[in-house]
Amino acid sequence: MAGFNTRALVFALVFVVVGCTSAPTRNAPDSLKITAWNIEHLAAVDGTGCRARTEAEYAALRADVARLDADIIAFAEVENVVAAERVFDPERYTVVMSARPDSGRSRFCGRDATSGPTIRKQDVGFAIRRGIDFTRNPDLVELGLGDPGLRWGVDITVNGPASLRLLSLHLKSGCSSGSSNTACPVLFDQVPVLARWIADRRREDVPFVMLGDWNRRLALAGDQVWQKLNEGNAKLVDASAGRGATCIARYADYIDLIILDPRAAARMRPGSFEEFAYGVAEDDYPSDHCPVSVTLQR
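Now for a quick tour of the structure. The shown structure was predicted, so the numbers you read here are calculated from the model rather than taken from an experiment. Throughout, residues of each chain are indexed from 1 in the direction in which the sequence is written. With pLDDT at 70 or above as the cut-off, local features in this predicted model cover only qualifying residues; side-chain atom pairs require 80 or more to be listed or tallied, and sums for whole chains, interfaces and linings still use all residues. The side-chain values count all of the structure's non-hydrogen atoms but skip hydrogen atoms and water molecules.

### Considerations on the pattern of salt bridges
Right, so step 1: Here a salt bridge means any side-chain nitrogen of Lys or Arg lying within 4 Å of a carboxyl oxygen belonging to Asp or Glu. Per the stated rule, a full pass over the model turns up 22 salt bridges.
Right, so step 2: A salt bridge links Arg269 to Asp30; its shortest N-O distance comes to 3.4 Å. Note that Arg269 is positioned in the loop between α6 (262–265) and β11 (274–275) and Asp30 in the loop between α1 (4–19) and β1 (31–42), a separation of 239 residues in sequence.
Right, so step 3: A simple rule labels every residue: compare its accessible area, found with a 1.4 Å probe on the protein chains alone, to the largest value its type can have, and call it buried under 20%, exposed over 50%, or partly exposed in between. Asp30 sits in the partly exposed class, given a relative accessible area of 37%. Secondary structure elements follow DSSP: runs of H or I no shorter than four residues count as helices, runs of E no shorter than two count as strands, and numbering proceeds from the N terminus.

Right under this line is the structure:
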């Protein structure tokens, strides 16, 4: 990866500092910073998978986590708990991941590749700062549509005087807008699953947040997925509030999204939505996605 040596040297120093601290700086006790982050093919073993990283690159990711300083991170494209805990220190974060079995499928990385590294299992989950009381709910298995290659949702409840339901997701890729792409029928079949999950939470009168890699530009005018999710007067709120993405130059719209119901949205700290900046040239980004975050009142 072009320019990696510079990033590795810089973040090796940051990692030394981070490693000497007891924990990331805590946010205010009456707030909860939640983040969605697709980490791009995070693997358990150095040099494996479609983003073959070195230990120096894992150290850089750990430094990014410390700078991000989120209370709860909904992550995507992580091989397993071992891979997740290479980035989210288990002394600081509890990792919970989808229980989806490995599909057993294997293919080479790259659209037309006939040799080279093979894609690893990709799953979603949460890294939850230790000390936060939460309950693990059953995975949203239905989001997989019975296809072993499609990802399930991971569902938790943050407990407290004002509880909050969180769903970590990563929808089918290849249908970021419109309906003509070959992947669109699959993504459109996932939408009713989410609509039912929303309806269940509304019946329970529980505020909720759905966050992760939607692989869909929901903020586009008249987007049919957004319209479907809002049937029945759901009044969902996109935390980005129509802001354009700035992380990657060629993408002006977010597909990594934090979507809230009205009660959760009412707890958003004004101006708290942010897109995390890695602080390096785009060619040196540690992932092809940038984390997005919002802070809620507890």
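### Some details on the sheet that holds strand β7 (residues 164–170)
Right, so step 1: On the basis of which strands lie adjacent, the open sheet formed by 6 strands has the order β5-β6-β7-β8-β10-β9 and mixed pairing. The outermost strands of the open sheet, each flanked by one partner alone, are β5 (134–140) and β9 (237–238).
Right, so step 2: Where strand β6 (residues 153–158) lies against β7, 5 bridges are found, and the strand directions are antiparallel. Each residue of the ladder has a partner; that of Thr157, found in β7, is Arg165.
Right, so step 3: Any two residues whose heavy atoms approach within 4.5 Å are treated as being in contact. Geometry is summarised by axes, namely lines fitted to C-alpha atoms with helices restricted to the contacting stretch, and by angles between N-to-C directions that run from 0 to 180 degrees. Across the sheet, helix α4 (residues 184–204) touches β5, β6, β7 and β8 (208–213), and the angle it forms with β8 is around 155°. We treat two strands as partners when DSSP finds at least two bridges between them.

### Some thoughts on the sheet that holds strand β12 (residues 292–297)
Right, so step 1: Ordered by their spatial adjacency, 6 strands build an open sheet running β3-β4-β2-β1-β12-β11, and the pairing between neighbours is mixed. Two strands bound the open sheet, and with one partner strand each, they are β3 (93–97) and β11.
Right, so step 2: As paired elements, strand β2 (residues 72–78) and strand β4 (residues 123–129) share 5 bridges and run antiparallel to each other. Looking across to β4, one finds that Phe75 is bridged to Gly125.
Right, so step 3: Packed on one face of the sheet, helix α2 (residues 55–68) meets β1, β2, β3 and β12 and runs near 160° to β1.

### A few points about the nonpolar core
A general feature of soluble globular proteins is that nonpolar side chains tend to end up buried together.
Right, so step 1: What we call a nonpolar core is a set of buried Ala, Val, Leu, Ile, Met, Phe, Trp, Tyr and Cys residues that are connected through their side-chain atoms within 4.5 Å. In this structure, Ile34, Phe126, Val209, Met210, Trp214 and Ile258 are the most contacted members of the largest nonpolar core, which totals 52 residues.
Right, so step 2: The residues touching Ile34, leaving out its near neighbours within four places in the chain, are Ile72, Leu166, Val209, Leu211, Ile258, Val292, Ser293, Val294 and Leu296.
Right, so step 3: Of all hydrophobic cores here, the second largest spans 27 residues; its members include Ala43, Ile73, Val95 and Tyr278.

### Some remarks on the packing of aromatic side chains
Right, so step 1: Two rings from Phe, Tyr or Trp (for Trp, the six-membered ring) form a pair when their centres are within 6.5 Å of each other. A pair whose planes differ by under 30 degrees is stacked, one over 60 is edge-to-face, and the rest are tilted. As enumerated under the stated definition, the model contains 7 aromatic pairs in all.
Right, so step 2: Here the aromatic rings of Trp37 and Phe88 are separated by 6.4 Å at their centres, their planes lie at 90°, and the arrangement is edge-to-face. Of the two residues, Trp37 sits in strand β1 while Phe88 sits in the loop between α3 (81–87) and β3, which places them 51 residues apart along the sequence.
Right, so step 3: A centroid spacing of 5.6 Å and a plane angle of 80° characterise the contact between Phe276 and Tyr278, whose relative ring orientation is edge-to-face.
Right, so step 4: By relative accessible area, which is 10% here, Phe276 ends up buried.
Right, so step 5: Pairwise contacts between aromatic rings join Trp37, Phe75, Phe88 and Tyr93 into one cluster.
Right, so step 6: Either the NZ atom of lysine or the CZ atom of arginine qualifies as a charge over a ring when it sits within 6 Å of the ring centre and within 35 degrees of the ring normal. Over the aromatic face of Tyr58 sits the side chain of Arg86, whose NZ or CZ is 3.6 Å from the ring centroid.
Right, so step 7: Positioned above the aromatic ring of Trp197 is the side chain of Arg201, whose terminal nitrogen or guanidinium carbon lies 5.0 Å from the ring centre.

### What about α4?
Right, so step 1: Under the 1.5 Å per step criterion, the end-to-end length of α4 is 31 Å for 21 residues, consistent within 8% with the ideal 30 Å.
Right, so step 2: Residues of α4 that are buried make contact with β5, β6, β7, β8 and α5 (224–229).
Right, so step 3: Positive backbone phi, approximately 60°, marks Asp205, located one or two places after α4. To estimate the expected span of a helix, subtract one from its residue number and multiply by 1.5 Å.

### Things to note about the state of the cysteines
Right, so step 1: Criterion for a disulfide: a pair of cysteine sulfur atoms within 2.5 Å. In the structure shown here, the tally under the stated rule is 3 disulfides.
Right, so step 2: A sulfur-sulfur distance of 2.0 Å marks the disulfide that ties Cys50 to Cys109. Disulfide Cys50-Cys109: the torsion about the S-S bond is -90°, which places it as left-handed. Of the two residues, Cys50 is situated in the loop between β1 and α2 and Cys109 in the loop between β3 and β4; the sequence distance between them amounts to 59 residues.
Right, so step 3: Under the relative-accessibility criterion, Cys109 is labelled buried at 15%.
Right, so step 4: A disulfide bridge connects Cys247 with Cys290, and the sulfur atoms are separated by 1.7 Å.

### Regarding the side chain of Asp223
Right, so step 1: Here Asp223 lies in the loop between β8 and α5.
Right, so step 2: Take Asp223: its relative accessible area is 6%, and that puts it in the buried class.
Right, so step 3: What qualifies as a polar contact is a pair of N or O atoms within 3.5 Å, subject to a donor-acceptor requirement within protein and to the restriction that residues adjacent in sequence count only when both atoms come from side chains. Here Val225 takes part through its backbone nitrogen, which lies 3.2 Å from a polar atom of the side chain of Asp223.
Right, so step 4: If we skip the residues at most four places from it in the chain, Asp223 touches Arg216, Arg217 and Leu218.

### Focus on the environment of Lys228
Right, so step 1: Mapped onto the elements, Lys228 comes out in helix α5.
Right, so step 2: Distance in space between the C-alpha atoms of Lys228 and Leu194 is 9.8 Å, their sequence separation being 34 residues.

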